[in-house]
Structure formats: structure tokens, C-alpha cells
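Chain by chain, the residues:
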There are 2 protein chains.
Amino acid sequence: MAAGSHLAVREEEARTVGGVTVADGSRAAILDAAAACFMAKGYAASSIDDVARSLGSTKGRIYHHYPSKGDLFADVFRTGMEANYAAIEPLRDIAGSAVARWRRMAMVHTRQMIVTRPYQRVVWEGVELYLRGATTPEQREEFARLMKYRNDYGAIFRQVIIAAREAGDMRFDDPRVTEQLMFVSLNSPLFWYTPRPGESERDIEMIVAQVVDFTARGLGVRT
Amino acid sequence: MAAGSHLAVREEEARTVGGVTVADGSRAAILDAAAACFMAKGYAASSIDDVARSLGSTKGRIYHHYPSKGDLFADVFRTGMEANYAAIEPLRDIAGSAVARWRRMAMVHTRQMIVTRPYQRVVWEGVELYLRGATTPEQREEFARLMKYRNDYGAIFRQVIIAAREAGDMRFDDPRVTEQLMFVSLNSPLFWYTPRPGESERDIEMIVAQVVDFTARGLGVRT
DNA sequence: AGTTCAACATACTACTCGGTATGTTGTCAA
DNA sequence: TTGACAACATACCGAGTAGTATGTTGAACT
């Protein structure tokens, strides 16, 4: 916001994170480092100095761009969520049955969990931090926005599976519980997937297929 | 271990955590408080003073029983794992098909996640801490034992689902991936379940049933 | 009655970390 | 050429925290 009126234009001015462009190049590098650090050690155990060190810089650089550690964390959170929306959005008004729509959305979502894993783990931890109320009153407001953002994302999936159930293509009981089970299942690569050297896109697609198949069956899709 | 040769016998000498008896009463109270605190704020964000405060005590009490914060955490971890073994063990040599055995094990396991939730969240975080290598060399050894302990527990389930697949009662591809999906699914109440006031055991059983049904279908069990 | 010791509480230290205040440098406009 | 300013680096402070060293007390044992 308030993207500098006439910032000095240099090479490496913009970057993308999971399909979402981040305006400033230096900020994007900080975001990447922060996401990696938060993923590796967790939010509380990660110090600003850790993030700066992984950049070959010092605290000054980070505090020049972000007013606080919490704001840096929130920006990583938001970037991860925006990447999810950007990946899902083209599928919103697609033709076909609800189950078919769900399957394509689920595959894109799961792939996103693998490809932008550091950011998505921050999103996950952010949700937990919010639920635990470990935020200052001011950041509480920002976090509330991010949580609403995230709930809207979940609502998209929920609508689709409810529509699929009404069409007789899915079978489940409580939609709230089922939504939780579905997301935990689709998100699970966050916890057990580790990139292997020399791994092809085929390998990733194999994993995605297994995750989505498991979840689809869990939702009562006939096979 | 080395349960005091002739400790002063007082009232409230022993307690149970999820069916497992903890020798010393005061230690058990510390364990409960630590588990609750670690669940509420996470390991890194929880201070020894926090745990002591929730007990109405001071650090002295905790450091009298535990040499370090990591050892306290490890003890919570081990207690949680022991509760899991104790719950599963009676089902090991039960009659019936592999699927039937799995379903009973899964129900007991999921119920355990709900009933002893603070301890199980510590187990979860402990696994992550170990995988991140955030331990001192000495505690690394203790943690390695605990991880082996945990892997053995997972192996029990893995054997059962492989047997069920060979019997034609389950359908899945890679057992490693499937085991991860299964546990993430069964453990998911750790993240989204919150005890409601005036909640009956029936309500919990309803949740357990939904979780196990979802997972069973995910594993390819016919319904 | 006196000794011992477990089970704590109190007081203190060394260190880390979030945040700030200030210095430095390269670049661009005029 | 020269100010102006963005983009950092450096130096520093205060708060919190893991761990230690030491004091205190009540109960058991002799």
C-alpha cells in the first residue's frame, strides 16, 4: 500500500511468490527469508537477527521495511493466502459438476501446499497464533482481517462440497467437522513432505494425486 | 525412574494421565501444568515461570524435579506416548479381520487425541522440534529414543493397514504416504476440537465416529 | 530435642532478543 | 557540484528468560 510515489527504479524490482507478484524486490527477498526461517524454527524461536543473517544483512534492513516482527509475519501470512486465492480463482466459474470442480480445486490447493510450503506453514502457524490470542491489540485487528480472508477461502471449498453432497456425489455428516478433516488432509504435505534432490514434477503430481484421492474417498466420493 | 528409595509418603501420592499412572503426585501436577502451557503457547513461547505461575508456585519447584526445560518437555512427551501405548495395547491380540482391528485401534487413538489433548499436542510439537533439530546434543539422544518410541507406535498401525490391503479390504498406493495421511487425519482433532461446556461422552463419540469414518473411506474401506 | 533432608521459595546472573536512535553510503534530481 | 533521501549498517537499551546458588521449613528418624 502507498507504493512509493517515485521509488528509485533498479534492476530486480519485482518478484513472484506462488504466482503473486510482490512489488519491491528487496521486500520480496526479506519475505522469502522470513518464510523459510519461520518454517524452520517457528515464529517464537525465530529472531529478527536470524532472518537478517540468512540474508547476509542486519536488523536495520528488516526494520527499515517492517515496523515490527509481527508485521513481517503478517505480511508472509497474507502473501501465502494471496497465492492460494490466485491459484484457485481461475477455477471458480468452471463448467461441470461440483465434484469435478472440487477435484480440480483440491489438486491446485494441494500442489500449492507443496510448492509454496514455507509460506503455507506460516499461514498454518498464524491461524494457531490467532486462536491462542498471542497478539497485541493492534495486530489483533490485522490478524482478524487475515483470518476472515482465510475463512472466506475455506467457505469456497465448503460450498462446493455441500453442493456435491446435494448432487448425491458426496456423503458426509457434519459439514463443519468435514471441512476441517478435508483441509487437514489436503494440507498434510506441509508436515511430511520434504523436497528430494532431483525430484521431477511428475513425482509431485503423484503425491498430489494420492492426497486428493485419499481426501475424495474420505468425503464419500464413489470410485 | 529410580523412584525414590523411601520417599516421604503423603496424601496425593500418585495420579493418572490418560490411564498411565505417574509415580509422584507433585511431578504429575507439574506435568499437567506444563502440558497445558505448552499447548496454549507453544514450547518456545512458554517460560518456566509461566508453568510455575499456573501452579501457584515458583521456578524452584520445577527445577527441583527437572534439570532443564527440555527435560520437562521430554517427560510430557513420553507420558503422552505411554498413554497412547497403554490405550492401544489391549487391542493388539484381538480376534477378527485386519480392518476390524484397525477400526477399533483408530477409534481408541482418536479418542485419546481428544481426551489427553494437551499431552498429544506436545507430542506433535516434539516431533516437529526433533525434525527441525532444535535440541542440544545430550537431549538429542533422549529425543531420538522418544522418536523411535513414536515410530514403533506408527509401525503398529502400518502393519495393520498393510494386512488389510492384502486381505482386499483396503485400497491405497504408497504405504508411507498413506500412513502420513491416516495419522494426520486421525490426529486432526488436536487442531480443531475444543471442549464445550456441558459436553457429553456421546458428543465425543460422534466426533470420533466421523473422524474414523472419514479416514476409513480414505483408506479405501468399502462401506 | 536434635539432626537430616526433601521440597520448595528467594535472589541473582548471564544472555538473548525486540525495538530504537543514529551513523553511513550510493543514487538521483536540480 | 550539491543537497536530499532511500536503503541500509552500527550501537545501544530495556525487558524477559534459562539456569544457579542459596536460604527456609516442615516432617521423619534417632
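Because the structure is predicted, anything quoted here is derived from the model rather than measured. (Residues numbered from 1 in each chain as written. Chains lettered and ligands numbered in written order. Predicted model: local features only at pLDDT ≥ 70, side-chain atom pairs only at ≥ 80, totals over all residues. Heavy atoms only, no water.)

Let's talk about the protein's contact with DNA strand C
In plain terms, the rule: Note on definitions. A residue lies near a molecule or strand when any single heavy atom of the residue is within 4 Å of it. Throughout this description, a polar contact denotes any pair of N or O atoms lying within 3.5 Å of each other; where both atoms belong to protein, one of them has to be capable of donating a hydrogen while the other can accept it, and for residues adjacent in sequence the pair is counted only when both atoms sit in side chains. Numbering of helices and strands starts at the N terminus; helices are DSSP runs of H or I of at least 4 residues and strands are runs of E of at least 2.
Around DNA strand C sit 14 residues, and of these I48 and K59 of chain A together with S26, T58 and R61 of chain B come closest. Y63 of chain A places a polar side-chain atom, nitrogen or oxygen, 3.1 Å from a phosphate oxygen of DNA strand C. Mapped onto the surface near DNA strand C, the elements with two or more residues apiece are α3 (59-65) of chain A together with α3 (59-65) of chain B. With four residues, the top contributor of residues to the surface near DNA strand C is α3 of chain B.

Here we look at the interface of chain B and chain A
For clarity, the threshold we go by: We call two residues in contact whenever any of their non-hydrogen atoms come within 4.5 Å of each other. When two parts are put together, the accessible area they lose, computed with a 1.4 Å probe and summed over both, is reported as buried area. Salt-bridge detection follows one rule: a side-chain nitrogen of Lys or Arg within 4 Å of a carboxyl oxygen of Asp or Glu. Lys, Arg, Asp and Glu make up the charged group, whereas Ala, Val, Leu, Ile, Met, Phe, Trp, Tyr, Cys and Pro make up the nonpolar group; the residues left over, Gly among them, are polar.
Facing 34 residues of chain B, the contacting portion of chain A comprises 34 residues. Between chain B and chain A, a total of about 2800 Å² is buried, with carbon and sulfur atoms accounting for 63% of that surface. Here E128 of chain B makes a salt bridge to R121 of chain A, at a shortest N to O gap of 3.0 Å. The tally of links from chain B across to chain A stands at 12 residue pairs in polar contact (both at pLDDT 80 or more). Elements that contribute at least two residues to the side of chain B that touches chain A include exactly α1 (25-41), α6 (117-132), α8 (175-187), α9 (189-192) and α10 (201-218) of chain B. Taken together, the residues that form the side of chain B that touches chain A break down as 16 nonpolar, 10 polar and eight charged.

Some thoughts on the environment of E142 of chain B
Residues and elements named next belong to chain B. So the rule is basically this: Exposed residues in this analysis have more than 50% of their type's maximum accessible area, buried residues have under 20%, and partly exposed residues fall in between, with area computed by a 1.4 Å probe over protein chains only.
Residue position: E142 is located in helix α7 (residues 137-166). With a relative accessible area of 19%, E142 lands in the buried category. C-alpha of E142 to C-alpha of G70: the two residues are 72 residues apart in sequence and 10.0 Å apart in space. Within the structure, E142 has its side chain in polar contact with the side chain of R78 (distance 3.2 Å).

Topic: the protein's contact with DNA strand D
Around DNA strand D, the structure places 14 residues, and the nearest of them are S26, T58 and R61 of chain A together with K59 and K69 of chain B. Counting only atoms of DNA strand D within 4 Å of the protein, the fraction found in sugar and phosphate groups is 61%. For DNA strand D, a base oxygen lies 2.6 Å from a polar atom in the side chain of K59 of chain B. Of all the secondary structure elements, the ones that give two or more residues to the surface near DNA strand D are α3 of chain A together with α3 of chain B. When residues of the surface near DNA strand D are assigned to their parent elements, the largest contribution, four residues, is made by α3 of chain A. Across the surface near DNA strand D, the residue classes break down as two nonpolar, nine polar and three charged.

Details of the confidence of the model for chain A
Filter applied, for reference: Across the chain, each position has a pLDDT score giving the predictor's confidence in that residue, from 0 to 100.
Put simply, chain A has an average pLDDT of 91, and 90% of its residues get 70 or more. Low pLDDT (under 50) marks residues 1-12 of chain A, which in the prediction has two contacts with non-local residues, meaning those over four places away or in another chain.

Focus on helix α5 (residues 98-115) of chain A
Residues and elements named next belong to chain A. What counts is decided by this rule: For a helix, the expected span equals 1.5 Å multiplied by the residue count minus one.
Given a rise of 1.5 Å per residue, 18 residues ought to cover 26 Å, and the 26 Å separating the end C-alpha atoms of α5 matches this to within 8%. Listed as buried for α5 are A98, V99, W102, M105, A106, V108, H109, T110, Q112, M113 and I114. The inward-facing, buried residues of α5 contact α4 (69-88), α6 (117-132), α7 (137-166), α8 (175-187), α9 (189-192) and α10 (201-218).

Focus: the nonpolar core
Threshold: Residues belong to one nonpolar core when they are buried, are Ala, Val, Leu, Ile, Met, Phe, Trp, Tyr or Cys, and are joined through side-chain atoms within 4.5 Å.
Grouped together as the largest cluster of nonpolar side chains are 134 residues, with contacts concentrated most on L72, W102 and M170 of chain A together with L72, W102, F157 and M170 of chain B. In contact with M170 of chain B, other than residues within four places in its own chain, are V99, W102, I161, A164, R165, L219, G220 and V221 of chain B.

Regarding the packing of aromatic side chains
Spelled out, the test is: Stacked, edge-to-face and tilted labels apply to pairs of Phe, Tyr and Trp rings (six-membered ring for Trp) whose centres lie within 6.5 Å, assigned for plane angles under 30 degrees, over 60, and everything in between, in that order. Geometrically, a lysine NZ or arginine CZ counts as sitting over a ring once it is within 6 Å of the ring centre and also within 35 degrees of the ring normal.
Tallied over the entire structure, the rule returns 24 aromatic pairs over all chains. Pairing W124 of chain A with F191 of chain A gives two aromatic rings, centres 5.0 Å apart and planes at 80°, and the pair type is edge-to-face. Of this pair, W124 of chain A sits in helix α6 while F191 of chain A sits in helix α9, placing them 67 residues apart in sequence. You can call W124 of chain A buried: its relative accessible area is 16%. Overall, the relative accessible area of 17% leaves F191 of chain A in the buried class. Each member of the aromatic cluster is reached from another via a ring pair, and the members are F38, Y43, F73, F77 and F143 of chain A. One cation-aromatic arrangement involves R140 of chain B over Y130 of chain B; the distance from NZ or CZ to the ring centre is 4.4 Å.

Some words on the environment of T135 of chain A
Among the structural elements, T135 of chain A can be located in the loop between α6 and α7. As a C-alpha pair, T135 of chain A and G70 of chain A span 65 residues in sequence and 8.2 Å in three-dimensional space.

What about the relation of the copies chain B and chain A?
Our working definition: Overlaid copies result from least-squares superposition on C-alpha atoms, with residues included only where pLDDT is at least 70 in both.
After a rotation of 180° and a shift along the axis of 0.0 Å, chain B superposes on chain A with an RMSD of 0.0 Å. Here the copies are linked by what is in effect a two-fold axis. The C-alpha atom lying nearest the rotation axis in chain B is that of G218 of chain B; the distance is 2.1 Å. The fraction of interface residues of chain B whose copies in chain A are also interface residues reaches 100%, indicating that both copies meet through the same surface.

Quick look at the side chain of Q210 of chain A
For Q210 of chain A, the location among the structural elements is in helix α10. For Q210 of chain A, the residues in contact, after removing those within four places along its chain, are D173, D174, V177, T178 and L181 of chain B.

Some thoughts on the pattern of salt bridges
Under the defined criterion, the tally for this structure stands at 24 salt bridges over all chains. With its nearest N and O atoms 2.8 Å apart, the salt bridge here joins R53 of chain B to D50 of chain B. Of this pair, R53 of chain B and D50 of chain B both sit in helix α2 (residues 48-55), three residues apart, which is roughly one turn of that helix. Using a relative accessible area of 56% as the deciding quantity, one classes R53 of chain B as exposed. On the basis of relative accessibility, which here comes to 17%, the residue D50 of chain B falls in the buried class. What you see here is one network of salt bridges that share partners, running through R27, D75, R78, E142 and R145 of chain A.

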